[in-house]
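Residue-level structural notes
In case you want the letters, here they are:
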Amino acid sequence: MVKFLPDLLPIADPTAYKLHFARHNGIEEPVDVLLRSCEKLRAGEPWTDWHNWQAYRPHNNEFNRDYVFTLARYERPDLWLFGGIFRIVARCPRKYVVELTEEGKELIGRLILHYAHRQRQPRVKFEKHYRDCEVQEILREPSAGRVF
C-alpha cells in the first residue's frame, strides 16, 4: 500500500511550514552536505553544514513561516532525502537563526520521498505539496551516499 507523508509525519498545521527543496547551489550538492552533516550528528558533533543551508537568507524573506521542512535531491530528480524540520528562531538581515526540532529527527537521512517538484522556486508553501509526497523508502540507517 502506498503511503504518503501525512501517513508517516502527521502535521496539524501545514500552513506554519515552508518546504525547502534543496538543490545544487553551484558549489555543492545538498545531499552531500546533508550526509556529511548526518555523520557529524551521529558522532555527537555540531552539524553546521546542513544547518547553514537552512540559515541562508536570500534577498527575500522566503522562510516567512515558523518552520522549514527540508529535503535534499537524492539520486534521481524525483527522489528527495529528508533533512529535518527546523524552527525559525529569528530573521536577521543576512541570515536566519534556525534550530533543529525533535519532530521527525529519527528519520533524518533515512526517509526517501518521491515527488516531482518541477518548479524553479526551491522554497515553497508546504501545504501545496505535503499530501502528494510519496514515501518511497525508509532506510534502516542514514544513507551512506549515492550508489554508483
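Numbering of residues starts from 1 in each chain and follows the order in which that chain's sequence is written. Residues qualify for local features only when their pLDDT is at least 70, as the model is predicted, and side-chain atom pairs are given and counted only at 80 or more; totals for whole chains, interfaces and linings, by contrast, use all residues. Each side-chain value is derived from all of the structure's non-hydrogen atoms; neither hydrogens nor water enter the calculation.

The next thing to look at is the pairing of strand β5 (residues 111–114). On any regular strand, side chains alternate: one points to one face of the sheet, the next to the other face. Across three bridges, the pairing between strand β3 (residues 76–91) and β5 is antiparallel. Across the sheet, Leu-81 pairs through a bridge with Ile-112, a residue of β5. Two strands form a pair only when DSSP identifies at least two bridges running between them. Helix and strand labels come from DSSP, where a helix needs a run of H or I of at least four residues and a strand needs a run of E of at least two; each type is numbered from the N terminus.

So, on to the packing of aromatic side chains. The description of an aromatic ring pair rests on the distance of the ring centres and on the angle between the ring planes. When the centres of two rings from Phe, Tyr and Trp lie within 6.5 Å, Trp using its six-membered ring, the rings pair. Their planes under 30 degrees apart give stacked, over 60 give edge-to-face, and anything left gives tilted. Applying the stated criterion across every chain yields a total of nine aromatic pairs. Plain terms: the ring middles of Tyr-17 and Phe-126 are 5.4 Å apart, the flat faces sit at 40° to each other, and that makes the pair tilted. Placement of Tyr-17 in strand β1 (residues 17–22) and of Phe-126 in the loop between β6 (123–125) and β7 (134–138) is noted, with a sequence separation of 109 residues between them. Take Tyr-17 and Phe-126: they sit in the same class, and that class is buried. Ring geometry for Phe-21 against Tyr-115: centres 5.8 Å apart, planes inclined by 10°, an arrangement best described as stacked. Pair noted here: Phe-21 is in strand β1 and Tyr-115 is in the loop between β5 and β6, with a separation of 94 residues, a long-range link. Each member of the pair, Phe-21 as well as Tyr-115, is classed as buried. Members of the aromatic cluster, connected to one another through ring pairs, are Tyr-17, Tyr-67, Phe-69, Phe-82, Phe-126 and Tyr-130. When the ring centre of Phe-63 is taken as reference, the NZ or CZ atom of Arg-123 above it lies at 5.5 Å. Relative accessibility decides the category of a residue: with a 1.4 Å probe and only protein chains considered, values under 20% of the type maximum give buried, values over 50% give exposed, and everything between is partly exposed. To sit over a ring, a charge needs its Lys NZ or Arg CZ within 6 Å of the ring centre and within 35 degrees of the ring normal.

Moving on to the pattern of salt bridges. In the sections that follow, a salt bridge refers to a side-chain nitrogen of Lys or Arg positioned within 4 Å of a carboxyl oxygen of Asp or Glu. Scanning the model with the defined rule gives seven salt bridges in all. The salt bridge partner of Glu-102 is Lys-105, with a shortest N-O separation of 3.5 Å. Here the salt bridges do not stand alone but share partners, grouping Glu-28, Arg-36, Lys-40 and Asp-49 into one network.

The subject of this paragraph is the nonpolar core. The criterion is simple. A nonpolar core is a set of buried Ala, Val, Leu, Ile, Met, Phe, Trp, Tyr and Cys residues joined through side-chain atoms within 4.5 Å. Counting 44 residues, the largest nonpolar core has Leu-5, Trp-50, Phe-69 and Phe-82 as its most contacted members. Only β1, α2 (30–42), α3 (48–55), β2 (67–74), β3, β4 (96–100) and β5 provide two or more residues apiece to this core. Here this core gets seven residues from one element, more than from any other, and that element is β3. When checking whether two residues touch, look at their non-hydrogen atoms; a contact exists if any pair is within 4.5 Å. Once residues lying within four places of it in the same chain are set aside, the contact partners of Trp-50 are Ala-22, Pro-30, Val-33, Leu-34, Ser-37, Thr-70, Leu-71, Ala-72, Gly-83 and Phe-86.

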